[in-house]
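# Residue-level structure breakdown
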Amino acid sequence: MLVVSAAVVLTMLLHLALVSHFAHQQARKEAQVRLQQLSWQMRDSLNRAIGNAAANVRLLSELPQIRSAHDVDAARNALESLQRSVPEYAWIGVTDADGRLMASTGRLLEGAKVDARPWFQAGRKDLHASDYHPAVMLGKLLPKTPDPWRFVDVSAPLKNGKGEFVGVVGVHMSWQWARNRARDLLTPALREYGAEVLVVRDDGTVLLGPQELIETRIDTASLRLAAAGETGSMRETGPDGKIYLTGYSRTGAEGDPATLKWSVLVRHTEDAALAEARELEHRMIWLSILMAAVLAGCAALLARRLTRPMDALSNAIELAAQETDAGRPAPAIPVVAGFHEAQVLSQAMRELVRSEETHRHALETMNLQLESTVALRTAELQALLLRDVLTGLPNRRALMETLPAAMERSARSGKPCALLFLDMDGFKAVNDTHGHEEGDELLRQFGSRIAEAVRRTDTVARLAGDEFVVILENLANIGDAADKAHSLLAALRRPYVLKSATVCVGASIGVALHLPDEAADLNAWLARADGAMYAAKRGGKNAVALANPAKEISAA
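Residues numbered from 1 in each chain as written. Predicted model: local features only at pLDDT ≥ 70, side-chain atom pairs only at ≥ 80, totals over all residues. Heavy atoms only, no water.

### Looking at the overall build of the protein chain
Summing up its helical and strand segments, the protein chain has 16 helices and 17 strands in all. Every one of the 556 residues in the protein chain was classed for burial, and the buried ones make up 40%. When the accessible surface of the protein chain is totalled, it reaches about 29900 Å², and 57% of it is carbon and sulfur. (Helix = DSSP H or I, 4+ residues; strand = E, 2+ residues; numbered from the N terminus. Buried < 20%, exposed > 50% of the residue type's maximum accessible area, 1.4 Å probe, protein only. Areas by Shrake-Rupley, 256 points an atom, 1.4 Å probe, with all protein chains shown as cover.)

Have a look at this one:
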C-alpha cells in the first residue's frame, strides 16, 4: 500500500509539472503576441498622425491665401480654422522667404525671425517632419501644462505661381497627442499588470514611456531589432534588471522626409504576464498536497483493516502448531471476522469519484480557456474578412455594412454625408506595360494616398479592381464634398514610384450627396455615385462629377 501511495503521489507531481510547464509556455506566447499587436497598433497610430499632419501642411501650402500672404488676416483665419479642427496642433505659422513670421495662430511670434529654426530650414527644401524637441520660443507663450511642452514639427515650402520660393508653412504638434494615444491603447487590465508603451528615438532617447525614463537613453535587444526595421516580440532583461516580454516595431518609411523613424516598444514584466498561470499552479499544488494526504490516510486505514484479520488468523495457526508440538490437542481455529468487501468497494469508489471530480474541474477550466482562445481567434478571422487583402482597406462587405450606419448618423446629426466613387484612369495601361505585380503596387499606393488625404473619421474602401469608395460624414455644407473630391483628385495625380518605373495616373470621381431628410436607400445612393463617376469618364476623365440630388431623381 505504501508503494501504491508513493506511485500515486509521484504521478500527480509529474502531471503537475507538465501542466505547469505548458501553462507557462502558453501564457508567455499569448502575452508576446498581444504585446506585438499593441506595438503594431501604436506604430500605425503614430504613422497616421504624422501622415495626416503632412497632408494638412501640404494642403495649406497650396491654399492661395497662404501662398500669397497679402491678406494676413485671411491667412491667419485659415490657420486657426485648421487648429480648431485638429486640437493637437499647438501652433501653426507662415513665414516669408527671409524667415519672418507673417501670420500665426493666436498671433504668437508674428513678426519674429525664425530663419534659424530647424523646421524653417527643413521646410525650405520640401515637405519635412522634424523630430521631437523642446519648445524653445513658444514654451513661455503657450498656456502652462502639467507636462513641459514638446513638439513634433511638419513644414513645407510655399511657392508662387512661377514656382519661386516665397516662404514656409509649419505645424507644431503637441507631444500630448502621443501620450493620449499610448494611454488609450492600454486597457485598464493591461495598465493594472504594469504594461508600458515606449517610443524611442534612433539615439536611444526615450520620448514616451515611464516618467523615470523620459528623455534618458536606453539600450535593449528589442530596441536594436526595432531600429534595424525588424518587428516581433521577445523576452529580454530591461535596464532595471527585470525580465520583460516586449513587442517591438518601427515607424516611418525609409527615404521619406515627411515621416519620422521611431522604435515602438510595448512591454510588461514576465512575472505579470505569468501571474494567472502561477496562481493556477499554486492552486494545483495545494490541491495535490490535500489529495496526497487523503490518499495516504486512506491507504493506512485500509492496510490496517487488511492486516488485522490476517494477524489474528496467523496467531491462531501458531497457537495450534504449538499445542500440537506439545502433544496436546490443537484448539479449534476460530472464525476470523474479516472486512466487508462491499464496504471497502464503496469507499474506494467514493474516493475514485472524488478524484475524478477534481480532474473534471481542472479539465473544465482548461476547456474554458481554450474556448476563450478560439473565440478570440474567430473574432480576428472575422475582422480579416472585412479587409481587402491587397490594400488593407475595408472591402466591399465592410462597405455595405458601413453605408447604412453612415445614413443613420446623418439623420441623427442633421448633417449631410457624401459618397465618392473613384475609378483609376490609366490603370490598364500600367498593368499591361509593367506587369501585374507593379499594378498591385500601384493599387496599394493609390489606396494609401486616398486614406491619407481624408479625415480619420471618413471611411475609405476598395470596391473591386481599381474602384474605390470614400464616405465623407459630418459635412458642414454640401459644397464640402466637391471641394474634398477636387483636393483628392489633385493628390492622386502626383507620380507613383514603382519598382521598375514612375507612373502618373488619374481618377474619375463621382460625388453623390445624402441629405439628413432623405430616405435611406443604399442601392440608389451607390447607383448615383457610380453614374456620376461614369459621367466624369465620359467628360474626358481625370475629373469630378456631381450626381443629381435624390429628390430630383425621385421627382423625375
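We are not done yet, so read on.
### As for the sheet that holds strand S13 (residues 467–472)
Taken in spatial order, the five strands make up an open sheet running S12-S13-S11-S16-S17, and their pairing is mixed. In this open sheet, the two edge strands, each paired with only one partner strand, are strand S12 (459–464) and strand S17 (544–546). Here the average twist between neighbouring strands, direction ignored, is 20 degrees. Relative to S13, strand S11 (residues 417–425) is paired through six bridges, and the arrangement is antiparallel. Opposite Phe421, over in S13, you have Val469 as the bridge partner. Strand contacts of helix H13 (residues 436–453): S11, S12, S13 and strand S16 (506–514), with the helix running at about 10 degrees to S13, the strand carrying the most contacts. The sheet strands contacting helix H14 (residues 479–492) are S11, S13, S16 and S17, and the helix crosses S16 at an angle near 165 degrees. (Pairing = 2+ DSSP bridges. Axes fitted to C-alpha atoms, helices over the stretch in contact; angles between N-to-C directions. Contact = heavy atoms within 4.5 Å.)

### A word on the pairing of S16
The side chains of a regular strand alternate between the sheet's two faces. The element S16 is extensively covered by neighbouring structure, given that eight of its nine residues are classed as buried. Pairing of S11 with S16 involves nine bridges; the strand directions are antiparallel. Residue Leu422 lies in a different strand from S16, and its bridge partner there is Ile509. Examined bridge by bridge, S16 and S17 share three bridges and lie parallel to one another. Bridging from a neighbouring strand, Val511 pairs with Leu546 of S17.

### A short note on the sheet that holds strand S2 (residues 101–104)
The strand order across the open sheet built from five strands is S2-S1-S5-S4-S3, with neighbouring strands paired in antiparallel fashion. The outermost strands of the open sheet, each flanked by one partner alone, are S2 and strand S3 (128–134). Shown here is a sheet whose adjacent strand axes are inclined to one another by a mean of 25 degrees, direction ignored. Here strand S4 (residues 150–159) pairs with strand S5 (residues 165–174) via nine bridges, running antiparallel. Bridge pairing in S5 links Pro157 to Val168.

### A word on the packing of aromatic side chains
Counting across every chain of the model gives eight aromatic pairs. Look at Trp175 and Trp177: their rings are 5.8 Å apart centre to centre, the planes differ by 70 degrees, and that puts the pair in the edge-to-face class. Given a relative accessible area of 1%, Trp177 falls into the buried group. Through pairs of rings, three or more aromatic residues link up here, namely Tyr132, Trp175, Trp177 and Trp262. Over the face of the ring belonging to Tyr244 we find Arg267, whose NZ or CZ atom lies 4.1 Å from the ring centre. A cation over an aromatic ring shows up here: Arg449 above the ring of Tyr496, its NZ or CZ 3.8 Å from the ring centre. (Phe/Tyr/Trp six-rings, centres within 6.5 Å; stacked < 30°, edge-to-face > 60°. Lys NZ or Arg CZ within 6 Å of the ring centre and 35° of its normal.)

### Details of the packing of helix H12 (residues 427–434) against H13
Packing of H12 against H13 brings their axes to within 6 Å, and their N-to-C directions diverge by 145 degrees. Contacts from Phe427, Val430, Asn431 and His434 of H12 reach H13 at His436, Glu438, Gly439, Leu442 and Leu443. For the contact of H12 with H13, the class distribution of residues is four nonpolar, four polar and one charged. (Nonpolar A, V, L, I, M, F, W, Y, C, P; charged D, E, K, R; others polar.)

### Remarks on empty space enclosed by the protein
Going through the model one piece at a time under the given rule, you end up with one cavity of 30 Å³ or more. Within this model, the largest cavity holds a volume of roughly 40 Å³. Every residue lining the largest cavity is listed: Leu198, Ile218, Thr220, Glu236, Tyr244, Thr246, Leu265 and Arg267. Mapped onto the lining of the largest cavity, the elements with two or more residues apiece are strand S9 (243–250) and strand S10 (263–269). Residues of the lining of the largest cavity, tallied by class, amount to four nonpolar, two polar and two charged. (1 Å grid on protein atoms, 1.4 Å probe; cavity = no way out; pocket = protein on both sides within 12 Å on 5 of 7 lines; lining within 4 Å. Points joined across faces, edges and corners; volume = space filled by probe spheres on them.)

### Observations regarding the pattern of salt bridges
Under the counting rule described, the total for this entry stands at 19 salt bridges. For Lys537, the salt bridge identified is with Asp423, shortest N-O distance 2.8 Å. Separated by 114 residues along the polypeptide, Lys537 in helix H15 (residues 522–538) and Asp423 in strand S11 bring together distant segments of the chain. Residue Asp458 is joined to Arg455 by a salt bridge in which the shortest nitrogen-to-oxygen separation is 2.7 Å. You can call Arg455 partly exposed: its relative accessible area is 36%. If you follow the salt bridges from partner to partner, you end up with Arg28, Arg235 and Glu270 in one network. (Salt bridge = Lys/Arg side-chain N within 4 Å of Asp/Glu carboxyl O.)

### Description of the confidence of the model for the protein chain
With 85% of its residues at a pLDDT of at least 70, the protein chain reaches an overall mean of 83. Here helix H16 (residues 550–555) is the element of the protein chain with the lowest mean pLDDT, 58, and S13 is the one with the highest, 96. Contacts of residues 341–350 to residues separated by more than four positions or lying in other chains number three contacts, the stretch itself having pLDDT below 50. (pLDDT = per-residue confidence, 0-100.)

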